[in-house]
Amino acid sequence: MLSGATEDYLKTIFSLTRDSGRAGTKDIATKLGVSQASVTGYLQRLAGAELPLIDYRKREGAALTEEGRRKALRVIRNHRLLETFLHRMLGFSWDRVHDEACRLEHVISAEFEEKLDALLGYPTHDPHGDPIPGRDLDMPINSRIALAELEPGEEAVVDRVSDSDPELLSYLGKHAILPGTRLTVKAVSPFDRNMKLCVEKKRGTIVLGPLVTRQIFVERNA
């Protein structure tokens, strides 16, 4: 059984390499909140194991091996099922489920995971709209675009929201900007890309800056 720290490294490398081939030690350190020296030492140990979970190259960073990818997806599946359970069954708000799931994801058994999946009705997405890997650990590709890419007059439906900032999730939740919500772009500032939005079923408009609109992913209406 892998340690919680190892699973955190695998999950982090997976998230950093979805769009590029390798994860740099600086990026891993930033995401995990540890020093680069600690990251380098840990990556060397993972790469030197009898069954390597990563391929590590100095100055090039790390990539998951096939076994490492499977282990990472297992943890991600546990995490997102737990988030869904906490939100749907226990009433946790969507800005609180991430930290709770992080504490639990390393300790549940395969049997618990299967029973949890069945209890929830085999969900495909977590409360933030992120896809849940299936039992075969197949991960759907996120093909949605960032809200920041839209222009005035365009309409879109929120697909998912980054769960990295609980305060942002709380703010967006108060303004009903959730997966499934329809948005209309009323105006975009040409200088700072601040975006004025009309939110479905809400009166008035809301203005969001690019630091926020880059973390909201949408499906553009045809």
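What this report covers is the structure whose coordinates are included nearby.

Looking now at the sheet that holds strand E3 (residues 145–146). Read from one edge of the open sheet, six strands run E3-E8-E4-E5-E6-E7, paired in antiparallel fashion. For this open sheet the edge positions go to E3 and strand E7 (205–208), each flanked by a neighbour on one side alone. Across two bridges, the pairing between E3 and strand E8 (residues 216–220) is antiparallel. When the bridges of E8 are listed, Ile145 appears paired with Val218. Contacting strand E4 (155–161), E7 and E8, helix H7 (residues 166–174) crosses the sheet at an angle of about 160° to E7.

Here we come to the side chain of Asp130. Within the secondary structure layout, Asp130 lies in the loop between helix H6 (110–119) and E3. The residues contacting Asp130, other than those within four sequence positions of it, are Arg80, Thr124, His125, Arg160, Val161 and Asp163.

Attention shifts here to unusual backbone geometry. With phi around 70°, Arg59 is a residue other than glycine that occupies positive phi space. Residue placement: Arg59 occurs in the loop between strand E1 (54–57) and strand E2 (61–64). One non-glycine residue, Ala176, adopts positive backbone phi at about 60°. Inspection of the secondary structure puts Ala176 in the loop between H7 and strand E5 (182–188). Among the residues examined, Ala176 registers a relative accessible area of 21% and is labelled partly exposed.

In the contact formed by helix H4 (residues 66–88) and H6, the axes pass within 10 Å of each other and the chain directions differ by 45°. As the angle between them shows, H4 and H6 are arranged oblique. The chirality of how H4 crosses H6 is left-handed. Packed against H4, whose contacting residues are Arg74, Arg77, Asn78, Leu81, Leu82 and Phe85, the element H6 presents Glu113, Leu116, Asp117 and Leu119 at the interface. Class assignment for the residues of the contact of H4 with H6 results in five nonpolar, one polar and four charged.

To continue, consider the pairing of E4. Pairing analysis gives three bridges linking E4 to E5, with the strands arranged antiparallel. Across the sheet, the residue bridging to Glu155 is Thr184, located in E5.

What follows deals with H6. Those residues of H6 that fall on the buried side of the exposure criterion are Glu113, Leu116 and Asp117. Buried residues of H6 fall within an arc of 100° about the axis and therefore sit on the same side. Set apart from the buried face of H6 by more than 90 degrees, the exposed residues are Glu111, Lys115 and Leu119. Just past H6, the residue Gly121 takes up positive phi, approximately 80°.

Rules behind the numbers
Residues numbered from 1 in each chain as written. Predicted model: local features only at pLDDT ≥ 70, side-chain atom pairs only at ≥ 80, totals over all residues. Heavy atoms only, no water. Pairing = 2+ DSSP bridges. Helix = DSSP H or I, 4+ residues; strand = E, 2+ residues; numbered from the N terminus. Contact = heavy atoms within 4.5 Å. Axes fitted to C-alpha atoms, helices over the stretch in contact; angles between N-to-C directions. Buried < 20%, exposed > 50% of the residue type's maximum accessible area, 1.4 Å probe, protein only. Parallel < 35°, antiparallel > 145°, perpendicular 65-115°, else oblique. Left-handed = near helix turned anticlockwise from the far one by under 90°. Nonpolar A, V, L, I, M, F, W, Y, C, P; charged D, E, K, R; others polar. Arc of directions from axis to C-beta.

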